Amino acid sequence: MRSATLGMSLSSITLYLFALLTLLPTPLRVNASPVQPEYSHADHIQPPHSHTDHILAGAIGPDCVDGAKYTGEAAGRNITIADVPTYYSPAADEDSKKVVLYYSDIYGPFYENNFLLQDWFAENGYHVLGLDYFFGDPIQNHPEPDFDMAAWVAKSRAQAAEALPKWNKAVREKFGPDAKFVAVGYCFGAPYALEIGATDEVVATAFAHPSQVTESHFENVTKPVLLSLAETDGAFPTAASRRALDILMRRKATYHAQVFSGVSHGFATRADPNDANAVWAKEQSAKSILGWFDRFSS
């Protein structure tokens, strides 16, 4: 009698659970289009991308333009490599076999802030070359209020995609097989520093406050990479940088990450000279990148 009652109770429970399950919502399909991640930035121009390659750093936006302009005299000179205008700052030691490939922000390699930074790397033992993938049309040429930044970004990315392979090859040929190449990218140039860091063309790479980088950049990079980041960055906010670090940790990559408090996107090239903390962060970023390069090129 007790077993019959137990059987009826189990049967009733089974029917009740079945009815309950039919009321639950249908699970999401695995191949559904991903929602925009929380670290997206509405003010940044997002390029077309694969749904399977999530954007971590947005494209060019207002904070990629903001910042101080410096003054100074260029120690380097303008040359042409592979039909691409190039800023070349020779190493203080002419016999140096160490070369920095400098991928600039949207102001281009001939902008005062950028040539002063390139000259500083040269003073510290590296030949430094910065290609002008804007071909004489950097962002400062466009103060007009109705400027179509999206079109300018698309044009500049297309120019860079065409120029970089032949330029990188020509620079390698110029300095020979014994040279040790490293790369650094700022903002617009960060994807290129990561991409060449996925090849054997450099021994190490670095970037600061990136734009338009994706998960695949961190999945693919094989060379030691240094990330120099701002605490406040609309293009590469905290959730995005943590995701990038998660990928590097999982892959057991060789990397170093630094985050500077009290600064924002652009600090490594356009820090306010009246802000002592920003100036310190800018200088420490450069020193860290130099030390990273020294570690792997010596």
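Cut-offs applied
- Residues numbered from 1 in each chain as written.
- Predicted model: local features only at pLDDT ≥ 70, side-chain atom pairs only at ≥ 80, totals over all residues.
- Heavy atoms only, no water.
- Salt bridge = Lys/Arg side-chain N within 4 Å of Asp/Glu carboxyl O.
- Helix = DSSP H or I, 4+ residues; strand = E, 2+ residues; numbered from the N terminus.
- Phe/Tyr/Trp six-rings, centres within 6.5 Å; stacked < 30°, edge-to-face > 60°.
- Lys NZ or Arg CZ within 6 Å of the ring centre and 35° of its normal.
- Pairing = 2+ DSSP bridges.
- Axes fitted to C-alpha atoms, helices over the stretch in contact; angles between N-to-C directions.
- Contact = heavy atoms within 4.5 Å.
- Buried < 20%, exposed > 50% of the residue type's maximum accessible area, 1.4 Å probe, protein only.
- Right-handed = clockwise from strand over helix to strand, strands pointing away.
- Parallel < 35°, antiparallel > 145°, perpendicular 65-115°, else oblique.
- Left-handed = near helix turned anticlockwise from the far one by under 90°.
- Nonpolar A, V, L, I, M, F, W, Y, C, P; charged D, E, K, R; others polar.

- The name recorded for the protein in an unreviewed UniProt entry is Dienelactone hydrolase domain-containing protein, from Coprinopsis cinerea.

**Let's talk about the pattern of salt bridges**
Okay, so step 1: In this structure the tally under the stated criterion is 8 salt bridges.
Okay, so step 2: Here Arg 243 ties to Glu 215 by a salt bridge, and the two come within 3.0 Å at their closest N and O atoms. With Arg 243 in helix α6 (residues 238-250) and Glu 215 in helix α5 (residues 215-220), this residue pair connects regions lying 28 residues apart in the sequence.
Okay, so step 3: One salt bridge connects Arg 250 with Glu 219, and the closest N-O pair in it is separated by 2.4 Å. Here Arg 250 is found in helix α6, whereas its partner Glu 219 is found in helix α5, with 31 residues between them in sequence.

**Let's talk about the packing of aromatic side chains**
Okay, so step 1: The tally for this structure, following the rule as stated, stands at 21 aromatic pairs.
Okay, so step 2: When the ring of Phe 134 is compared with that of Phe 188, the centres are 5.0 Å apart and the planes differ by 55°; the resulting orientation is tilted. Of the two residues, Phe 134 sits in the loop between β5 (127-131) and α3 (149-175) while Phe 188 sits in the loop between β6 (180-186) and α4 (190-196), which places them 54 residues apart along the sequence.
Okay, so step 3: Following the ring pairs from residue to residue traces out a cluster consisting of Tyr 103, Tyr 133, Phe 134, Phe 147, Trp 152, Trp 167, Phe 188 and Tyr 192.
Okay, so step 4: If you follow Arg 157 out to its NZ or CZ, it ends over the ring of Phe 188, 3.7 Å from the centre.
Okay, so step 5: For Lys 174, the ring lying beneath its charged end belongs to Phe 175, and the centroid distance is 5.7 Å.

**Some details on the sheet that holds strand β9 (residues 225-232)**
Okay, so step 1: Sheet architecture is open: 8 strands sit in the order β2-β3-β5-β4-β6-β7-β9-β10, paired in mixed fashion. The open sheet has two edge strands, β2 (77-81) and β10 (255-264), and neither has a second partner. The average undirected angle you get between the axes of adjacent strands in this sheet is 25°.
Okay, so step 2: When β6 meets strand β7 (residues 204-208), the two strands line up parallel, connected through 5 bridges. By the bridge assignment for β7, Tyr 186 is matched with Ala 208.
Okay, so step 3: Sheet strands in contact with helix α2 (residues 112-123) are β3 (84-89), β4 (98-103), β5 and β6, and its direction is about 50° off that of β3.
Okay, so step 4: Relative to the sheet, helix α8 (residues 276-297) contacts β4, β6, β7, β9 and β10, its axis offset from that of β10 by approximately 170°.

**Comments concerning the pairing of β7**
Okay, so step 1: Summarising burial for β7: 5 of the 5 residues are buried, a large majority.
Okay, so step 2: Judged by which residues are buried, β7 turns out to be covered on both faces: Ala 204, Ala 206 and Ala 208 on one side and Thr 205 and Phe 207 on the other are all buried.
Okay, so step 3: Handedness of the β6-α4-β7 crossover: right-handed.
Okay, so step 4: As defined by bridge partners, β7 adjoins β9 across 4 bridges and the pair is classed as parallel. Along β9, the bridge assignment pairs Thr 205 with Val 225.

**As for the side chain of Ser 104**
Okay, so step 1: Mapping Ser 104 onto the fold places it in the loop between β4 and α2.
Okay, so step 2: Of the residues examined, Ser 104 reaches a relative accessible area of 0% and is grouped as buried.
Okay, so step 3: If we skip the residues at most four places from it in the chain, Ser 104 touches Pro 109, Asn 114, Tyr 133, Phe 134, Tyr 186, Phe 188 and Gly 189.

**Describing the packing of α2 against α8**
Okay, so step 1: In contact at an axis separation of 11 Å, α2 and α8 are set at 40° when each is read in the N-to-C sense. Relative to α8, α2 is oriented oblique. For the element pair α2 and α8, the recorded crossing hand is right-handed. Counted together, Leu 117, Trp 120 and Phe 121 of α2 and Ala 286, Lys 287, Ile 289 and Leu 290 of α8 form the full contact between these two elements.
Okay, so step 2: Here the contact of α2 with α8 is built from residues that sort into 6 nonpolar, no polar and 1 charged.

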